[in-house]
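# Residue-level structural notes
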Amino acid sequence: MTHVAVIGAGITGVTTAYSLVQAGFEVSVLDRHRYPAMETSFANGGQLSASHTEVWNSMETLKKAFSWMRTKEAPLLFNPRFSWHKYSWLAEFMYQIRHHRVNSVACTRLAIEARRHLFAMATAEGIDFDLEQRGILHLYHDRVSFEQASHATQLLKEGGLERSPVTNEEIHQLEPSLRGRYFGGFYTPSDSTGDIHKFTRGLARACARKGVAFIQDAVVQYIKTHSSGVEVQWKNGCGKDGLQPIASLHCDAVVVCAGVGSRHLANMLGDRINVYPVKGYSVTVDLSDADSVANAPWVSLLDEQAKIVTSRLGENRLRVAGTAEFSGENWDIRADRIRPLVQWVRDNLQVETEKVTPWAGLRPMTPSMLPVVARGKRPRVYYNTGHGHLGWTLSGATAAMVTSLVHNDLPS
Ligand SMILES: Cc1cc2nc3c(=O)[nH]c(=O)nc-3n(C[C@H](O)[C@H](O)[C@H](O)COP(=O)(O)OP(=O)(O)OC[C@H]3O[C@@H](n4cnc5c(N)ncnc54)[C@H](O)[C@@H]3O)c2cc1C
């Protein structure tokens, strides 16, 4: 049987492992954490959002970004300190502005396709992940941003997604818990939400039942390719003295699904995978009293001005996420970035914020904002990575795509 190693046990690695084992491959997943889904797939915004697939590469985004640089609690934080990776990534991001339409449409198609795969996995394996299929409501505070969003609606339509404009009154009918007044909104009933961590862990258990080997606490150090296979070497990261001696695995192929770690692994393999870590934050609000349970929204929201999203995760949790921070591979949870998320809840909802759990994660972002599903330069090397702000939304489809690449090259 052909043996494939998957590096990374986040949402992209675990969906890839599932898709490969279903296709008849022997699969081993390696991850530097003790459990699956401990990095960016831990506490994200929760949205399965085909309606959020317009890529950010546009002059409007750049103009907003410059104005936000002067505002302390703005949704974007850019650390201007020079780093070659950051500035060259930004140059490529700007170059991609010319592909804005094509990339947005492609991303929408991918997101729609991904729903089918993700829901099929959840149904087949009986995974409870607090799925809510009540749609996503985008909120606009002024005419200009609402009209710009009408242009995005056309792109989404080209990609096959329908969404409807809604008035302030209709917004409040759709989601009575909202307290604000809005210029208007767009509602996408086919979008949904769920807990990425619960899903990934549930799918990882299903993979294990099907024979996938999970090698955790394994910090991958080298990947060597040769004519008859691939050797993956790792150090065990769980020892009290730091990294323990090297162990290795011989297999027939490798798929890199390592989130923000993918760039380093790709360099080692002679490939260039340009993912930049774009930090984001979330708070999970504990809805512990009856009024908060009753007053928290069930329809998922995206406040376009604050760039904040919300997802109801079952009866007792509300996830609120946002912000984009360009400051390299840095996992620190900054109080001044968490504060606007909590304040947004206080300003917009009648929900207690006595108990909130803060979190930060690094979006593995490519300059085009599209994931990389590709063969490497060397035989037997594949990538499924760079899902940026949409890994939860897109991973079902990209797992199937990378599996068919492997299948085309190697027998299962
Ligand atoms: C605040 C925030 C909100 C978000 N909201 C949404 C949303 O609402 N909807 C949506 O679709 N997406 C959202 N995203 C994006 C989504 O969470 C990510 O795209 C997705 O989780 C990335 O998954 P991944 O598997 O690529 O990376 P990860 O989940 O980070 O997994 C990569 C794994 O690779 C492992 N790894 C890396 N290097 C090595 C190595 N050398 N050796 C061993 N293991 C290694 C890591 O330990 C990690 O477990 C959000 C992201 C953030 C930060």
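Note: the structure precedes this text.
Below or above, wherever it landed, is the structure these notes cover. Quick caveat, the model's predicted, so the values are computed rather than measured.

Along its 16 residues, helix α5 (residues 143–158) runs 23 Å from first to last C-alpha, staying within 8% of the 22 Å computed at 1.5 Å per residue. Regarding α5, the residues found buried are S145, F146, A149, A152, T153, L155 and L156. Looking straight down α5, one finds that the buried residues subtend no more than 165 degrees of arc, so they occupy a single side. Close packing links the buried residues of α5 with α4 (100–125), β5 (136–140), β6 (164–166) and β7 (184–188). The N-cap of α5, judged by a side-chain oxygen 3.2 Å from the amide nitrogen of V144 a few residues on, is D142. Looking at the residues trailing α5, positive phi occurs at G160, about 105 degrees.

Within the largest apolar cluster, 34 residues are counted, with the highest numbers of intra-cluster contacts made by L20, V27, F199, V255, Y382, W392 and V406. Within the residue set of this core, elements represented by two or more residues are β1 (3–7), α1 (11–22), β2 (26–30), α4, α7 (196–209), β13 (253–256) and α11 (391–409). Residue assignment places this core across two domains, with domain 1 (3–40 + 199–273 + 369–409) and domain 2 (47–191 + 276–365) each supplying three or more. Every residue in contact with W392, bar those within four places of it in the chain, is listed here: I11, N44, G46, Q47, L48, L118, F129, G194, D195, I196 and F199. Counting 26 residues, the second largest nonpolar core, distinct from the first, contains I171, I308, V342 and V351.

We now examine the packing of aromatic side chains. What the rule picks out here adds up to 14 aromatic pairs. A centroid spacing of 5.9 Å and a plane angle of 45 degrees characterise the contact between F78 and F326, whose relative ring orientation is tilted. Note that F78 is positioned in strand β4 (residues 76–78) and F326 in strand β17 (residues 317–326), a separation of 248 residues in sequence. Residue class for F78 comes out buried when judged on its relative accessible area of 17%. The exposure class assigned to F326 is buried, which follows from its relative accessible area of 7%. Ring plane angle 45 degrees and centroid distance 6.0 Å describe the contact between W89 and Y276, whose orientation is recorded as tilted. Of this pair, W89 sits in helix α3 (residues 84–95) while Y276 sits in strand β14 (residues 276–286), and the two are 187 residues apart along the sequence. With a relative accessible area of 3%, Y276 lands in the buried category. Here a set of aromatic residues connected by ring pairs shows up, and it is made of F78, F82, Y87, W89, F93, Y276 and F326. Directly above the ring of F186 sits R163, whose terminal nitrogen or CZ lies 4.4 Å from the centroid. Over the ring of W298 we find R312, and its NZ or CZ is 3.9 Å from the ring centre.

Here is what the cut-offs are and how they apply
Residues numbered from 1 in each chain as written. Predicted model: local features only at pLDDT ≥ 70, side-chain atom pairs only at ≥ 80, totals over all residues. Heavy atoms only, no water. Helix = DSSP H or I, 4+ residues; strand = E, 2+ residues; numbered from the N terminus. Expected span 1.5 Å × (residues − 1). Buried < 20%, exposed > 50% of the residue type's maximum accessible area, 1.4 Å probe, protein only. Arc of directions from axis to C-beta. Contact = heavy atoms within 4.5 Å. Polar contact = N/O pair within 3.5 Å; in protein donor to acceptor, adjacent residues only side chain to side chain. Core = buried A, V, L, I, M, F, W, Y, C linked by side-chain atoms within 4.5 Å. Domains from an automatic or database assignment. Phe/Tyr/Trp six-rings, centres within 6.5 Å; stacked < 30°, edge-to-face > 60°. Lys NZ or Arg CZ within 6 Å of the ring centre and 35° of its normal.

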